Amino acid sequence: MTNQSDRDLDGYRRVPGAGPTIRSDIVDVYVFRRRDGDVEILQLHRVTEPMKGDWHPLMAHIEAGETAVDCAIRELSEEVGLDDSSSAWRGFWQLEQVHPYYLAEIDAIVLSARFAAEVDPDWRPQLNHEHDDHRWVAQSQVSSQFVWPGQKSACAEILSELIPEGSLSAGRLQIEIGSRQAGG
């Protein structure tokens, strides 16, 4: 129960009384490659909960004391075998857009940091126990192969802001990994 001092003159609460938790401890990583004049984005088929049976980009929880960037790099290595020192690694970018979504199962609004990692056209993921298959989705198939609006918008950001030659955004969104400049 709130008292009158918790409300301002217009009736809005100064202090929340209840509501969903807001979480920002998740990252999404969109691995892509340029192949035969097309851009393809990696999807993984999940065999464990949550999201068992779904196709999705790499998704992970940030561990205590870890940054979102560190989590993304760690999970690339753990889930698909892509180490940042690999010769297949072509670049790494933060995506600007965050798409909030609600998960009723945990009564939470999730805001996930999003990243894009470019790989060599012939690179093949080495899946861990969480996934049993992978597929490369051509840019023309993104809207029919990605289920969630936020995932579609992340793919659209990659295709419109990172891929075009001379993109101003690509240079600003690059993340330097170790002694390497992502994207270069």
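Owing to the predicted nature of the structure, the values given are computational and were not obtained by experimental measurement. (Residues numbered from 1 in each chain as written. Predicted model: local features only at pLDDT ≥ 70, side-chain atom pairs only at ≥ 80, totals over all residues. Heavy atoms only, no water.)

A. Expanded view of unusual backbone geometry. If you check the backbone angles, Asp 36 has positive phi at about 55° while not being a glycine. Along the chain, Asp 36 falls in the loop between strand E2 (26-35) and strand E3 (38-46). Residue Asp 36 is classed as exposed on the basis of its relative accessible area of 77%. Within the chain, Asp 107 stands out as a residue other than glycine whose phi angle is a positive 45°. Within the fold, Asp 107 resides in the loop between strand E7 (101-103) and strand E8 (108-110). You can call Asp 107 partly exposed: its relative accessible area is 34%. (Helix = DSSP H or I, 4+ residues; strand = E, 2+ residues; numbered from the N terminus. Buried < 20%, exposed > 50% of the residue type's maximum accessible area, 1.4 Å probe, protein only.)

B. Highlighting the side chain of His 131. Tracing the backbone through its elements, the reader meets His 131 in strand E10 (residues 131-138). Discounting chain neighbours no more than four positions away, the residues touching His 131 are Leu 44, His 45, Arg 46, Val 47, His 56 and Glu 79. (Contact = heavy atoms within 4.5 Å.)

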